[in-house]
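# Breakdown of the fold
Each chain, letter by letter, is given below.
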Amino acid sequence: MGIRVAIVGAGYAGMAAAVTLAERKIPVTVFESGPVPGGRARRVVSQGNDLDNGQHILVGAYRELFRLMQIVGVPDDAVLRVPLELRYADKFSFRALWLPFPFGLL
């Protein structure tokens, strides 16, 4: 019998490992103890509102995440891409321009 791999955790790291192994035709089984996949980046409900908890993950692994999404067939328009915008309670705000990196931060 050939190699079979068990991956514990269906967050970005676990799913990236599963996709990489599956590309190499290695059978993979992913185990997740939480109610939904996604790890720290899953959707959460707070005060009756659905929140995307994955933005902090996307910032650090943007290119790699989109590469993996492309491999598994997620359409390009499945993710809303908007310029980086930060707003603070004291009326300070920052918004990147629609220019290629790094010019959008000007």
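Preceding this section is the structure that the text describes.
The following paragraphs examine the structure supplied in this document. Please read these numbers as outputs of a predicted model, since none were measured by experiment.

## Some details on the overall build of the chain
- For the chain, the helix and strand inventory stands at three helices and six strands.
- The order of helices and strands in the chain, counted from the N terminus, is β-α-β-β-β-α-α-β-β.
- Each of the 106 residues in the chain was classed as buried or not, and the buried ones make up 18%.
- In the chain, once contacts between residues fewer than 6 apart in sequence are set aside, the share between residues at least 24 apart is 24%.

## Here's the deal with the environment of Leu84
- With respect to the secondary-structure elements, Leu84 resides in the loop between helix H3 (62–71) and strand S5 (85–87).
- Along the primary structure Leu84 and Arg95 are separated by eleven residues, whereas in three dimensions their C-alpha atoms are 5.7 Å apart.
- Apart from the residues within four sequence positions on either side, Leu84 is in contact with Phe94, Arg95 and Ala96.

## Quick notes on the environment of Arg81
- Secondary-structure assignment places Arg81 in the loop between H3 and S5.
- Note on Arg81: relative accessible area 45%, which makes it partly exposed.
- Beyond its immediate stretch of four places on either side in the chain, Arg81 contacts Tyr62, Phe66 and Trp98.

## What about a nonpolar patch on the surface?
- Together, Leu84, Leu86, Tyr88 and Phe92 line one region of the surface with nonpolar side chains, adding up to about 400 Å² of accessible area.
- The class for Leu86 is partly exposed, based on a relative accessible area of 35%.

## Considerations on the pairing of strand S1 (residues 5–8)
- Looking at chain direction, S1 and strand S2 (residues 28–31) are connected through four bridges and run parallel. When the sheet's bridge partners are listed, Ile7 is paired in S2 with Val30.
- Note that the unit made of S1, helix H1 (residues 12–23) and S2 has a crossover that is right-handed.

## What about the packing of aromatic side chains?
- As enumerated under the stated definition, the model contains one aromatic pair in all.
- Arranged with centres 5.7 Å apart and planes meeting at 35 degrees, the rings of Tyr88 and Phe92 form a pair that is tilted.
- The class of Phe92 is partly exposed, set by a relative accessible area of 48%.

## Looking at the packing of H1 against H3
- Between H1 and H3, the least distance of the axes is 11 Å, while the angle of their chain directions is 50 degrees. In terms of orientation, H1 lies oblique with respect to H3. The two elements H1 and H3 cross, and the hand of that crossing is left-handed. The segment H1 lies against H3, with Tyr12, Ala16, Val19 and Glu23 engaging Leu65, Arg67, Leu68 and Ile71.

Rules of the game
Every chain begins its residue count from 1, and numbering advances along the sequence as written. Per-residue local features of the predicted model are confined to residues with pLDDT of at least 70, and side-chain atom pairs are confined, for both listing and counting, to 80 or more; whole-chain, interface and lining totals are unaffected and use all residues. Values reported for side chains reflect all heavy atoms of the structure, with hydrogen atoms and water molecules removed beforehand. Elements are defined by DSSP. Helices are runs of H or I of four residues or more, strands are runs of E of two residues or more, and each kind is numbered from the N terminus. Accessibility here uses a 1.4 Å probe with only protein chains present; expressed as a share of the type maximum, an area under 20% marks a residue as buried, one over 50% as exposed, and anything in between as partly exposed. We call two residues in contact when some of their heavy atoms are within 4.5 Å. A patch is a set of surface residues, each over 30% in relative accessible area and not in a salt bridge, joined within 9 Å for like charges and within 5 Å for the nonpolar side chains Val, Leu, Ile, Met, Phe, Trp and Tyr. Every accessible area reported is derived by Shrake-Rupley at a probe size of 1.4 Å, with residue values counting cover from the shown protein chains alone. The salt bridge criterion pairs a side-chain nitrogen of Lys or Arg with a carboxyl oxygen of Asp or Glu, the two atoms within 4 Å. Pairing between strands is defined by DSSP: at least two bridges between them are needed. When the strands point away from the viewer, a crossover counts as right-handed if the route from the first strand across the helix to the second turns clockwise. Pairs were defined over the aromatic rings of Phe, Tyr and Trp, the Trp ring being its six-membered one, requiring ring centres within 6.5 Å. Orientation was assigned from the angle between planes: stacked under 30 degrees, edge-to-face over 60, tilted for the rest. Lines fitted to C-alpha atoms define the axes here, with helix axes fitted over just the stretch in contact, and angles between the N-to-C directions of these axes take values from 0 to 180 degrees. These descriptions rest on fixed angle ranges, namely under 35 degrees for roughly parallel, over 145 for roughly antiparallel, 65 to 115 for roughly perpendicular, and the rest for oblique. Helix crossings are classified by the rotation of the near helix relative to the far one: an anticlockwise turn of less than a right angle makes the crossing left-handed, while a clockwise turn makes it right-handed.

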